Amino acid sequence: MVTLTKTEASSLSIREIGKSFPAPDDPLTSRPVLDGISFSLAAGELVSLIGPSGCGKSTLLRLIAGLDSADSGELLIGSDPITHPGAERGLVFQDPNLFPWLTVRRNIEAGLVARGVLRKKHEEVDEFMRLVGLEVFANAYPHHLSGGMAQRAALARALINHPKVLLLDEPLGALDAFTRMRMQDEVLRLWQARRTTMLLVTHDIDEAIYMSDRIMIMTSRPGKIERTISIALDRPRQRSSEDFLRLRADILNFLHLAGKA
Ligand SMILES: Nc1ncnc2c1ncn2[C@@H]1O[C@H](COP(=O)(O)OP(=O)(O)OP(=O)(O)O)[C@@H](O)[C@H]1O
Ligand SMILES: [Mg+2]
């Protein structure tokens, strides 16, 4: 039996990260994408990252996931340097990326199978399917699922590895507006149940305000953290409260001014 309220989060520290890629029009020239990015997430914090397309948000998540390495700077999970991918860092993308030939249960088990721990952790599979409300669909295939259900399966697949940090790259971006709002509540419920540290990339300012403890705003490439805003609103949050709308106007205004500059 999994203890769903167990705290298993870890802090995350990013210090002076720099990353360049070859320029598309001149591959011999390197073009900076991230320039001196520094921030920290406390264990159990939910922080959103917003910024213009191409500013390096996904690149940053890939570096934290250990799928690529930085040119300079330091990335730490707790006090351990990040050097390669690890099960303690989960990554969920906009596309749920489920294996179409596997049932929901087998998809959720996939990480356990890859790590050779399925036998030991077998009973957790049912717990996690219940956690995301998919137990009835255990034997269904991905093409039987709605977009929101498929994304819930992808979240369960990431959470079953007990990540200490969950990296979410526009995880709700492909959903319609109503499903998206319901899924925001789902993700918040999972976060409250597991208290995993979460870093959420989103283009949706309302989503960032509704969900986060803090919002970090990045500038266009080379990406830097331009501003960090703490969201001190009580949860559950009211999307149309005065404080919510004031924050929304403030961020929109800032992005507009940042765009002009
Ligand atoms: N492997 C790569 N090789 C070369 N250039 C890359 C590579 N990965 C990313 N880039 C470039 O780095 C920049 C940042 O890309 P990234 O995907 O991180 O942006 P993003 O902020 O996630 O954008 P979006 O909001 O559109 O998802 C882009 O200009 C992109 O072309
Ligand atoms: Mg991206």
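The coordinates are above.
The paragraphs below set out a description of the structure included in this document. If you're wondering where the values come from, they're calculated on a predicted model, not measured in any experiment.

1. Notes on the layout of surface pockets
- Roughly 440 Å³ of volume is contained in the largest pocket.
- Forming the boundary of the largest pocket are 20 residues, of which R89, G90, L91, A158 and N161 lie nearest the centre.
- Listed by contribution, the elements that provide at least two residues to the lining of the largest pocket are β6 (89-92) and α4 (147-159).
- Tallied by class, the residues present in the lining of the largest pocket amount to 10 nonpolar, six polar and four charged.

2. Things to note about the sheet that holds strand β4 (residues 72-77)
- Strand order across the open sheet formed by four strands is β2-β1-β4-β5, with antiparallel pairing between neighbours. Because the sheet does not close on itself, it has two edges, and the strands there are β2 (30-41) and β5 (80-81).
- Bridge count for strand β1 (residues 12-22) against β4 is five bridges, and the pairing is antiparallel. Across the sheet, the residue bridging to G18 is S72, located in β4.

3. Some words on the side chain of T197
- Relative to the assigned elements, T197 resides in strand β8 (residues 197-201).
- Assessed through its relative accessible area of 0%, T197 is described here as buried.
- Within the structure, T197 has its side chain in polar contact with the backbone oxygen of S10 (distance 2.7 Å).
- T197 has contacts with A9, S10, L41, A42, A43, G44, E45, K164, V165 and L166, leaving out every residue within four places of it along the chain.

4. A short note on the sheet that holds strand β9 (residues 214-218)
- Strand order in the open sheet made by the six strands is β6-β7-β8-β3-β9-β10, with mixed pairing throughout. The open sheet has two edge strands, β6 and β10 (225-230), and neither has a second partner. Mean inter-strand twist for the sheet, computed between neighbouring axes without regard to direction, equals 15°.
- Pairing between strand β3 (residues 46-50) and β9: four bridges, direction parallel. Paired with V47 across the two strands is R214, which belongs to β9.
- Against the sheet, helix α1 (residues 57-65) makes contact with β3, β6, β7 (165-169), β8 and β9, and its axis sits at roughly 155° relative to β7, the strand it touches most.

5. With respect to α4
- Along its 13 residues, α4 runs 18 Å from first to last C-alpha, staying within 8% of the 18 Å computed at 1.5 Å per residue.
- Of all 13 residues making up α4, 12 are buried, and the element is well covered by its neighbours.
- Listed in full, the buried residues belonging to α4 are G148, M149, A150, Q151, R152, A153, A154, L155, A156, R157, A158 and L159.

6. Quick notes on the pattern of salt bridges
- Here the structure, examined in full by the defined rule, presents 17 salt bridges.
- Between E45 and R214 there is a salt bridge, with the nearest N and O atoms lying 2.8 Å from each other. Taken together, the residues span a long stretch of sequence, with E45 in the loop between β2 and β3 and R214 in strand β9 at a distance of 169 residues. Both residues of the pair, E45 and R214, belong to the buried class.
- In this structure, the salt-bridge partner of D250 is R227, at a minimum N-O distance of 3.1 Å. Taken together, the positions of D250 in helix α7 (residues 242-260) and R227 in strand β10 put the pair 23 residues apart, joining distant regions of the chain.

7. Some details on the pairing of β4
- Of the strand pairs in this sheet, β4 and β5 are connected by two bridges, and their pairing is antiparallel. Paired with I77 across the bridge in β5 is D80.
- Linkage of β4 to β5, two consecutive antiparallel strands, is achieved through a turn of two residues, within which G78 is found at a positive phi near 65°.

8. Focus: the pairing of β1
- Here β1 runs beside β2; their pairing, made up of nine bridges, is antiparallel. Within β2, the position partnered with S20 by the bridge is P32.

9. Quick look at the site of ligand 1
- In the vicinity of ligand 1 there are 13 residues, among which S53, G54, K57, S58 and T59 approach most closely.
- Here an oxygen atom of ligand 1 and a backbone polar atom of C55 are 3.2 Å apart.
- Within the side chain of K57, an N or O atom sits 2.7 Å from an oxygen atom of ligand 1.
- Here ligand 1 loses 61% of its free accessible area of 640 Å² to cover by the protein chains.
- Counting only elements with at least two residues in the shell around ligand 1, the list comes to β2 and α1.

Analysis parameters
- Residues numbered from 1 in each chain as written.
- Chains lettered and ligands numbered in written order.
- Predicted model: local features only at pLDDT ≥ 70, side-chain atom pairs only at ≥ 80, totals over all residues.
- Heavy atoms only, no water.
- 1 Å grid on protein atoms, 1.4 Å probe; cavity = no way out; pocket = protein on both sides within 12 Å on 5 of 7 lines; lining within 4 Å.
- Points joined across faces, edges and corners; volume = space filled by probe spheres on them.
- Helix = DSSP H or I, 4+ residues; strand = E, 2+ residues; numbered from the N terminus.
- Nonpolar A, V, L, I, M, F, W, Y, C, P; charged D, E, K, R; others polar.
- Pairing = 2+ DSSP bridges.
- Buried < 20%, exposed > 50% of the residue type's maximum accessible area, 1.4 Å probe, protein only.
- Polar contact = N/O pair within 3.5 Å; in protein donor to acceptor, adjacent residues only side chain to side chain.
- Contact = heavy atoms within 4.5 Å.
- Axes fitted to C-alpha atoms, helices over the stretch in contact; angles between N-to-C directions.
- Expected span 1.5 Å × (residues − 1).
- Salt bridge = Lys/Arg side-chain N within 4 Å of Asp/Glu carboxyl O.
- Near = heavy atom within 4 Å.
- Areas by Shrake-Rupley, 256 points an atom, 1.4 Å probe, with all protein chains shown as cover.

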